[in-house]
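Understanding the architecture of this molecule
One letter stands for each residue in the lines below.
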Amino acid sequence: DTEVTQTPKHLVMGMTNKKSLKCEQHMGHRAMYWYKQKAKKPPELMFVYSYEKLSINESVPSRFSPECPNSSLLNLHLHALQPEDSALYLCASSLLGLTGRRHNEQFFGPGTRLTVL
Amino acid sequence: AQTVTQSQPEMSVQEAETVTLSCTYDTSENNYYLFWYKQPPSRQMILVIRQEAYKQQNATENRFSVNFQKAAKSFSLKISDSQLGDTAMYFCAFRPQEYGNKLVFGAGTILRVKS
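Okay, so let's go over this structure.

Criteria and thresholds
- Residues numbered from 1 in each chain as written.
- Chains lettered and ligands numbered in written order.
- Predicted model: local features only at pLDDT ≥ 70, side-chain atom pairs only at ≥ 80, totals over all residues.
- Heavy atoms only, no water.
- Salt bridge = Lys/Arg side-chain N within 4 Å of Asp/Glu carboxyl O.
- Helix = DSSP H or I, 4+ residues; strand = E, 2+ residues; numbered from the N terminus.
- Buried < 20%, exposed > 50% of the residue type's maximum accessible area, 1.4 Å probe, protein only.
- Disulfide = S-S within 2.5 Å.
- Contact = heavy atoms within 4.5 Å.
- Buried area = accessible area lost by both parts, 1.4 Å probe.
- Polar contact = N/O pair within 3.5 Å; in protein donor to acceptor, adjacent residues only side chain to side chain.
- Nonpolar A, V, L, I, M, F, W, Y, C, P; charged D, E, K, R; others polar.
- Pairing = 2+ DSSP bridges.
- Axes fitted to C-alpha atoms, helices over the stretch in contact; angles between N-to-C directions.
- Core = buried A, V, L, I, M, F, W, Y, C linked by side-chain atoms within 4.5 Å.

A few words on the pattern of salt bridges. A full pass over the atoms with the stated rule returns nine salt bridges over all chains. For A:K22, the salt bridge identified is with A:E24, shortest N-O distance 4.0 Å. Taking the shortest distance from any N to any O, the salt bridge between B:D86 and B:R63 comes out at 2.8 Å. Of the two residues, B:D86 sits in the loop between β9 (74-79) and β10 (88-96) while B:R63 sits in the loop between β7 (60-61) and β8 (64-69), which places them 23 residues apart along the sequence. As far as burial versus exposure is concerned, B:D86 and B:R63 are alike and both buried.

All names here are of chain A. Inspection of every chain in the model, using the stated rule, returns two disulfides over all chains. Cysteine C68 shares no disulfide, and the gap to the nearest cysteine sulfur, in C23, comes to 9.1 Å. What makes C68 buried here is its relative accessible area of 13%.

Residue and element names in this part refer to chain A. Within the fold, L78 resides in strand β8 (residues 73-79). Once the C-alpha coordinates of L78 and Y33 are considered, the two residues, 45 residues apart in sequence, prove to be 16 Å apart. Discounting residues that sit within four places of it in the chain, L78 has contacts with L11, M13, N17, K18, K19, L21, R63, F64 and L114.

On the side of chain B, 24 residues touch chain A, which itself brings 27 residues to the contact. Regarding the contact of chain A and chain B, the summed buried area is about 2300 Å², with carbon and sulfur atoms giving 55% of it. Our count for the contact surface shared by chain A and chain B stands at two salt bridges. The interface formed by chain A and chain B contains five residue pairs in polar contact (both at pLDDT 80 or more). Contributing elements (two or more residues each) for the side of chain A that touches chain B: β4 (31-37) and β9 (87-94) of chain A. Here the residues of the side of chain A that touches chain B sort into 12 nonpolar, eight polar and seven charged.

Cis geometry is adopted by the peptide bond preceding A:P8, which originates at A:T7 and carries an omega value of -10°. Mapped onto the secondary structure, A:P8 falls in the loop between β1 (4-7) and β2 (10-13). With phi around 60°, A:K40 is a residue other than glycine that occupies positive phi space. You can see A:K40 is positioned in the loop between β4 and β5 (44-50). Here A:K40 falls in the exposed class, since its relative accessible area comes to 57%. In this structure, B:D81 is a non-glycine residue whose phi angle is positive, near 50°. Along the chain, B:D81 turns up in the loop between β9 and β10. Judged by relative accessible area, which is 40%, B:D81 ranks as partly exposed.

Here we take up the pairing of strand β6 (residues 46-52) of chain B. Sheet topology note: the strand β5 (residues 32-39) of chain B/β6(B) ladder contains six bridges and is antiparallel. Paired with B:F35 across the bridge in β6(B) is B:R50.

We now examine the sheet that holds β1(A). All names here are of chain A. With respect to topology, four strands assemble into an open sheet ordered β1-β3-β8-β7, the strand pairing being antiparallel. Each edge of the open sheet is held by one strand with a lone partner, namely β1 and β7 (64-70). Taking each pair of neighbouring strands and ignoring which way they run, the sheet shows an average axis angle of 20°.

In this section: the nonpolar core. Residues and elements named next belong to chain B. The biggest cluster of nonpolar side chains holds 27 residues, and the ones touching the most others in it are Y25, W36, F75, L77, Y90 and L111. Broken down by secondary-structure element, the contributors of at least two residues to this core are β2 (10-14), β3 (19-21), β5, β6, β8, β9, β10 and β12 (109-114). The greatest single-element share of this core, amounting to four residues, is contributed by β10. Apart from residues no more than four positions distant in its own chain, L77 is found in contact with V19, T20, L21, W36, V48, I49, F64, S65, V66 and Y90.

In C-alpha cells form, the structure reads like this:
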C-alpha cells in the first residue's frame with residue numbers, strides 16, 4: 001500500500017462549525033504533515049508529527065488543531081474558521097530515520113478542498 | 001535560510017517536443033536532496049524525480065531527467081517526448097539531509113502541453 005488517503009474530498013462549513021479532516025497511511029511512515037495550499041501556489045507547511053508527537057508548528061492559528069492518534073492516522077480539527085482559510089488541505093507522510101543518506105521524500109494525499117462560508 | 005526559485009511561472013510545449021523547467025536554490029548546506037513534484041489539475045501531488053546532492057550523476061526517470069549543477073545551485077527538469085498528461089504544475093523542492101527538516105518549495109511552473 002503506497003497511498004495516503006484523505007477524507008472528505010470536499011467540505012463546506014460555516015464560520016461557527018466544528019469539523020475534522022482525516023488522513024491515513026499504511027506505509028509505516030512515522031512522519032506526517034499537514035499543508036495548506038491556495039490556488040496556483042506551493043503548499044505551505046502547517047504541522048509536522050514525528051513518532052506521533054508534534055515536532056513542528058508553523059505558527060498556525062489555534063482554530064486549527066492537529067491530532068495524531070496513532071502512527072497511521074492524522075487528524076486536523078477545525079473550529080471557528082474564517083473565509084480566508086478556504087484552501088486545499090494536503091496531508092503527507094515520509095519515512096523517518098537516523099541522519100544519513102535517506103531519501104525521505106514525502107508522499108502526498110489527494111487533499112481536502114475546504115470552503116468556509 | 002534556504003530558498004528555491006522557479007523563474008518561469010508558465011510554459012507551453014507541443015506534444016512530442018522537449019521542454020526544460022528551471023530551478024535554482026540557495027543554501028549553505030553541503031548535503032541535501034532536491035525533488036521535482038508534479039501536481040496535475042486533479043491536484044494529487046506526485047514525485048517525479050529526486051537527486052541526492054552527493055551524487056554527481058544526473059537522475060533520470062524514463063522521459064524525465066535533471067541537469068544538476070551543484071556549484072551553480074541549479075536543478076533543471078527536462079521532459080522529453082512531452083505528452084498531454086504532463087500538463088500540470090511542477091514544483092521544485094529542497095530538503096536538507098537531516099531527517100525531520102521540512103521541504104522548501106519553489107513557486108511552481110505551470111506547464112501546458114498542446115496537441
